[in-house]
Amino acid sequence: FIALCFMSFTLGLDLGIVMTKGVVFGVICCVTVLPSMIMIFDNALEKTKHRQLIPDFPKISDFVVKHHVIFAILFVVLFIPFAYFQAHASVYYNLDASLPDTLPSVQANTKLSEEYDMGAAHMILLDKELDAKQKYNMIADIEKVDGVKQVLGLESIIGPAFPEGMIPENVKEILESDNYELMLIMNEYAVASDEVNSQMSEINTILKQYDPTGMLVGEAPCTKDLIEITNHDFAVVSAVSILAVFFIIFFVFKSISLPVILVMVIEGAIFINMGIPFLTGTKLPFIASIVIGTIQLGATVDYAILITSRYEKERGEGKSKKDAIQIAHKTSIRPVMVSAFSFFAATFGVGMYSQIDMISSLCLLMARGALISMCAVLLFLPAMFWLFDGIICKTRSREKRQCEPEEGKRKQNRNSLCRNSSSSGL
């Protein structure tokens, strides 16, 4: 979550700080307050025990391990296309699109757009001392740009035949300051559309020809800057969050291969989650991809760490590859399901209830992501352990390298048997 703080868009910084504090306080409470509460209410806990609601699934573990090749192929088949889908999912940047249609302001904007072809209004800050003839020529050139309906300024209102000295000061103060003159550009294109972005590029080119210090401002230019900033931010945050999780797993397990496997499986789950809107034609708020990418990675990589810890422990104690994966899967399936269902329950209700599309979309994506990550960890991760078991054993640190590939063990046992036989005279 600290990776969100690397965004220059301060919404990400605020989210990162709040969520990081939440994790820190959560950990502190879990290792201090929670044990104290358990001890205080021990009698009540014993009296209110009930039967296990989520049963064990031993047959599922046997099935997953037995058909590991199928699940490995399925992972690759899903990973590649959904990596493309999530990168090409449609997003929107105009924040008013996330508001309910019942709001008066949204209804008014819709009416203006439908009945008057009103789109985004731009504003130009122009050097006040610029020659009047150049201003007239600039206005004429801008009005020729596609989508521009009208340019409003002192020159376009009064015309060249009207002496500037006859304009009342209180009128001039509306459109002029000490250094700048204000012009309004009315156009028919919506904010954050491809058409308005192309239009602004053309207007900027014309503006700079007449006044290199002139500025094009307004909602649409700000949104265009937002698109450029967030695209860079998202790439940085994705890289930082993946590297952060990679190094945490690396230092915990002291293995170079396990971080790659775990991050790959969780990233595959994120691709599937974010690729579904591409297939359904759903538009997402621009912030969705980076927020979901970091939250789903940070929150659900715990599922993978849980099963990996048990698998590593069993292999380190000399269990075979098959036994280690089966034990890890059987003992982890219930905790993973409880965690995933809790995450789902905490977000799904808000997603269904909220009328603000941005909140609803984020919560529904997190709810769906929890279930997808659960399935990915319980179905795909054991297959990865089976296929890369030899690499995992070879790339562990020396002090933890107690397991070896099974073929190597058999050779070692045969060599040991031969040495023992020779030394005993057999």
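(A) Spotlight on the environment of Leu 125. Secondary-structure assignment places Leu 125 in strand S2 (residues 121-127). Residue classification places Leu 125 among the partly exposed residues on the basis of a relative accessible area of 25%. For the pair Leu 125 and Leu 258, spaced 133 residues apart in sequence, the C-alpha to C-alpha distance is 56 Å.

(B) A look at a negative patch on the surface. Taken together, Asp 117, Asp 146, Glu 188 and Glu 202 make up a surface patch of like negative charges. Relative to the elements of secondary structure, Asp 146 occurs in the loop between helix H7 (132-143) and strand S3 (148-152).

(C) Structural view of the nonpolar core. Within the largest apolar cluster, 68 residues are counted, with the highest numbers of intra-cluster contacts made by Leu 262, Ile 287, Leu 381 and Phe 385. Elements represented by at least two residues in this core include exactly helix H4 (58-66), helix H5 (68-87), helix H11 (219-253), helix H12 (257-280), helix H13 (288-316), helix H14 (321-353) and helix H15 (357-387). Looking at this core, the element that brings in the most residues is H15, giving 16 residues. Counting 21 residues, the second-largest nonpolar core is a separate cluster that includes Leu 126, Ile 203, Leu 207 and Leu 216.

(D) Structural detail: unusual backbone geometry. Phi is positive for Lys 254, which is not a glycine, with a value near 50°. Relative accessible area serves as the criterion here: at 38%, Lys 254 is assigned to the partly exposed category.

(E) Local environment of the packing of helix H1 (residues 10-31) against helix H2 (residues 33-40). Across the interface, H1 lies against H2 with an axial gap of 3 Å and an inter-helix angle of 35°. Contact residues: H1 offers Ile 28, Cys 29, Cys 30 and Val 31, while H2 offers Val 33, Leu 34 and Pro 35. Of the residues that constitute the contact of H1 with H2, the class distribution is seven nonpolar, no polar and no charged.

Each value, and the rule that gives it
- Residues numbered from 1 in each chain as written.
- Predicted model: local features only at pLDDT ≥ 70, side-chain atom pairs only at ≥ 80, totals over all residues.
- Heavy atoms only, no water.
- Helix = DSSP H or I, 4+ residues; strand = E, 2+ residues; numbered from the N terminus.
- Buried < 20%, exposed > 50% of the residue type's maximum accessible area, 1.4 Å probe, protein only.
- Patch = residues over 30% accessible without salt bridge, like charges linked within 9 Å, V, L, I, M, F, W, Y side chains within 5 Å.
- Areas by Shrake-Rupley, 256 points an atom, 1.4 Å probe, with all protein chains shown as cover.
- Salt bridge = Lys/Arg side-chain N within 4 Å of Asp/Glu carboxyl O.
- Lys, Arg positive; Asp, Glu negative; His and termini not counted.
- Charge placed at Lys NZ, Arg CZ, Asp CG, Glu CD.
- Core = buried A, V, L, I, M, F, W, Y, C linked by side-chain atoms within 4.5 Å.
- Axes fitted to C-alpha atoms, helices over the stretch in contact; angles between N-to-C directions.
- Contact = heavy atoms within 4.5 Å.
- Nonpolar A, V, L, I, M, F, W, Y, C, P; charged D, E, K, R; others polar.

Any functional reading would require information beyond the geometric quantities listed.
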